[in-house]
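Spelled out, the chains give:
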Amino acid sequence: AQSVAQPEDQVNVAEGNPLTVKCTYSVSGNPYLFWYVQYPNRGLQFLLKYITGDNLVKGSYGFEAEFNKSQTSFHLKKPSALVSDSALYFCAVRDHGTYKYIFGTGTRLKVLA
Amino acid sequence: DGGITQSPKYLFRKEGQNVTLSCEQNLNHDAMYWYRQDPGQGLRLIYYSQIVNDFQKGDIAEGYSVSREKKESFPLTVTSAQKNPTAFYLCASSIGERNTIYFGEGSWLTVV
């Protein structure tokens, strides 16, 4: 069965510092991987996805993610964090053979001024 | 504007009542989904539908029902059999195998 894991419930980072939010996956076949952000009382917003091609994927709001097949990871990164990046971040994988998307438990990012 | 519209944003249910959450999309997406989100937890799939007049149970379908009579609509009914329905409900849609799933703004359901 396909799955994703987000090992950190919360990540704290100072404004202006680089940030990383971790995600590992378990899939059979090639993974289709996604990152989303959720602000309080809102739906999830799409940030970026990896389907195939370049291992470094660039997305919205200056975020990027690195696909690492050997480590089965898809970590979300940003070179310089903003206070406004504080939110809940979800990693997701598309289940092959169905239309199901499987989400991690989420990581709360707190950027400190 | 293209998007996914959920209504109402806030809904209160009395014990023993059925309530229906609306989800409409004008993105021409084939697949639609309902997820439940509880505080401190991730998203759990309730039901999903790949095409009109067809839907499948997700991981927590008990106490819920859906219909898919039109491509753009996927209402969720929370029945009295759902013992702990207080949660944030998210509707989503997607098209194609490689494509992104998009979400509505969510609906809060509270049992009073």
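Each residue is numbered by its place in its chain's sequence as written, counting from 1. Working convention: letters from A go to chains and numbers from 1 go to ligands, in the order in which they are written. The predicted origin of the model limits local features to residues at a pLDDT of at least 70 and limits the giving and counting of side-chain atom pairs to 80 or more, whereas totals for whole chains, interfaces and linings rest on all residues. Heavy atoms throughout the structure, all of them, feed into the side-chain values; hydrogens and water do not.

Draft legend 1. Quick peek at the interface of chain B and chain A. Two residues form a contact once any of their heavy atoms are found within 4.5 Å. Residue-level contacts link 27 residues of chain B with 23 residues of chain A. A simple way to read buried area is as the amount of 1.4 Å-probe accessible surface that goes missing from two parts once joined, with both sides added. Together, the buried faces of chain B and chain A total about 2,100 Å²; carbon and sulfur atoms form 50% of this surface. Each salt bridge in this description consists of a side-chain nitrogen of Lys or Arg and a carboxyl oxygen of Asp or Glu lying within 4 Å of one another. Inspection of the region where chain B meets chain A yields one salt bridge. Note that A:Arg42 is salt-bridged to B:Glu105, the shortest N-O span being 2.3 Å. For the purposes of these results, a polar contact is taken to be a pair of N or O atoms within 3.5 Å, where, inside protein, one atom must be able to donate a hydrogen and its partner to accept one; residues adjacent in sequence count only when each atom of the pair is a side-chain atom. The interface formed by chain B and chain A includes nine residue pairs in polar contact (both at pLDDT 80 or more). Helix and strand assignments come from DSSP, with helices taken as H or I runs of at least 4 residues and strands as E runs of at least 2, each series counted from the N terminus. Of all elements in the fold, only strand E4 (31–37), strand E5 (43–51), strand E9 (87–94) and strand E10 (102–103) of chain B reach the threshold of two or more residues within the side of chain B that touches chain A. Classification convention: Asp, Glu, Lys, Arg as charged; Ala, Val, Leu, Ile, Met, Phe, Trp, Tyr, Cys, Pro as nonpolar; all other residues, Gly among them, as polar. In terms of residue class, the side of chain B that touches chain A is made up of 13 nonpolar, nine polar and five charged.

Draft legend 2. Region of interest: unusual backbone geometry. Between B:Ser7 and the following residue, B:Pro8, the backbone shows a cis peptide bond with an omega angle of -10 degrees. Turning to its location among the elements, B:Pro8 is positioned in the loop between strand E1 (4–7) and strand E2 (10–13). In this structure, A:Asn41 is a non-glycine residue whose phi angle is positive, near 65 degrees. Mapped onto the fold, A:Asn41 is located in the loop between strand E5 (33–38) and strand E6 (44–50). If you check the backbone angles, A:Thr72 has positive phi at about 45 degrees while not being a glycine. Structurally, the position occupied by A:Thr72 is in the loop between strand E8 (64–68) and strand E9 (73–78). Exposure remark for A:Thr72: the relative accessible area of 31% places this residue in the partly exposed category. Each residue's exposure class comes from its accessible area (1.4 Å probe, protein chains only) as a fraction of the maximum for that residue type: buried when under 20%, exposed when over 50%, partly exposed otherwise.

Draft legend 3. Highlighting the state of the cysteines. Here, a disulfide means two cysteine sulfur atoms that sit within 2.5 Å of each other. As enumerated under the stated definition, the model contains two disulfides over all chains in all. A:Cys23 shares a disulfide with A:Cys91; S-S distance 2.0 Å. One quick way to see it: the torsion about the S-S bond of A:Cys23 and A:Cys91 is about -60 degrees, and its sign makes the bridge left-handed. With a gap of 68 residues between them, A:Cys23 in the loop between strand E3 (19–21) and strand E4 (24–26) and A:Cys91 in strand E10 (residues 87–94) connect regions that are remote in the sequence. A sulfur-sulfur distance of 1.8 Å marks the disulfide that ties B:Cys23 to B:Cys91. Here the disulfide of B:Cys23 and B:Cys91 is left-handed, its torsion about the S-S bond being about -75 degrees. Taken together, the positions of B:Cys23 in strand E3 (residues 19–25) and B:Cys91 in strand E9 put the pair 68 residues apart, joining distant regions of the chain.

Draft legend 4. Examining the side chain of A:Gln2 more closely. Residue and element names in this part refer to chain A. Along the chain, glutamine 2 turns up in the segment before strand E1 (3–5). What makes glutamine 2 buried here is its relative accessible area of 9%. At a separation of 3.4 Å, a polar atom in the side chain of glutamine 2 contacts the main-chain amide nitrogen of serine 28. Other than its neighbours up to four places away in sequence, glutamine 2 contacts Ser26, Val27, Ser28, Val93, Asp95, His96 and Ile102.

Draft legend 5. Expanded view of the layout of surface pockets. Taken as a whole, the largest pocket encloses approximately 380 Å³ of empty space. Cavities and pockets are found on a 1 Å grid laid over the protein atoms alone: a cavity is a set of points where a 1.4 Å probe fits but cannot escape, a pocket is an open set with protein on both sides within 12 Å along at least five of seven lines, and a lining residue has an atom within 4 Å of such a point. In this structure, the largest pocket is lined by 19 residues; those nearest its centre are A:Gln38, A:Leu88, A:Arg108, B:Gln37 and B:Gly40. Elements represented by at least two residues in the lining of the largest pocket include exactly E10 and strand E12 (107–112) of chain A. When grouped by side-chain class, the residues that make up the lining of the largest pocket number seven nonpolar, eight polar and four charged. Grid points are joined across faces, edges and corners, and a volume is the space filled by probe spheres set on the points.

Draft legend 6. Spatial organisation of the packing of aromatic side chains. Pairing of aromatic side chains here covers Phe, Tyr and the six-membered ring of Trp, requires ring centres within 6.5 Å, and sorts the geometry by plane angle: under 30 degrees stacked, over 60 edge-to-face, intermediate tilted. Inspection of every chain in the model, using the stated rule, returns 19 aromatic pairs over all chains. Where A:Tyr36 meets B:Phe103, the ring centres are 5.7 Å apart and the plane angle is 80 degrees; that geometry is what we call edge-to-face. A residue pair is termed interchain when its members come from two chains, as with A:Tyr36 in strand E5 and B:Phe103 in strand E10. By relative accessible area, B:Phe103 is classed as buried at 10%. Judged by centre distance (6.4 Å) and plane angle (55 degrees), the rings of A:Tyr50 and A:Phe74 are tilted. Linking A:Tyr50 in strand E6 with A:Phe74 in strand E9, this pair joins segments that are 24 residues apart in sequence. The class for A:Tyr50 is buried, based on a relative accessible area of 8%.

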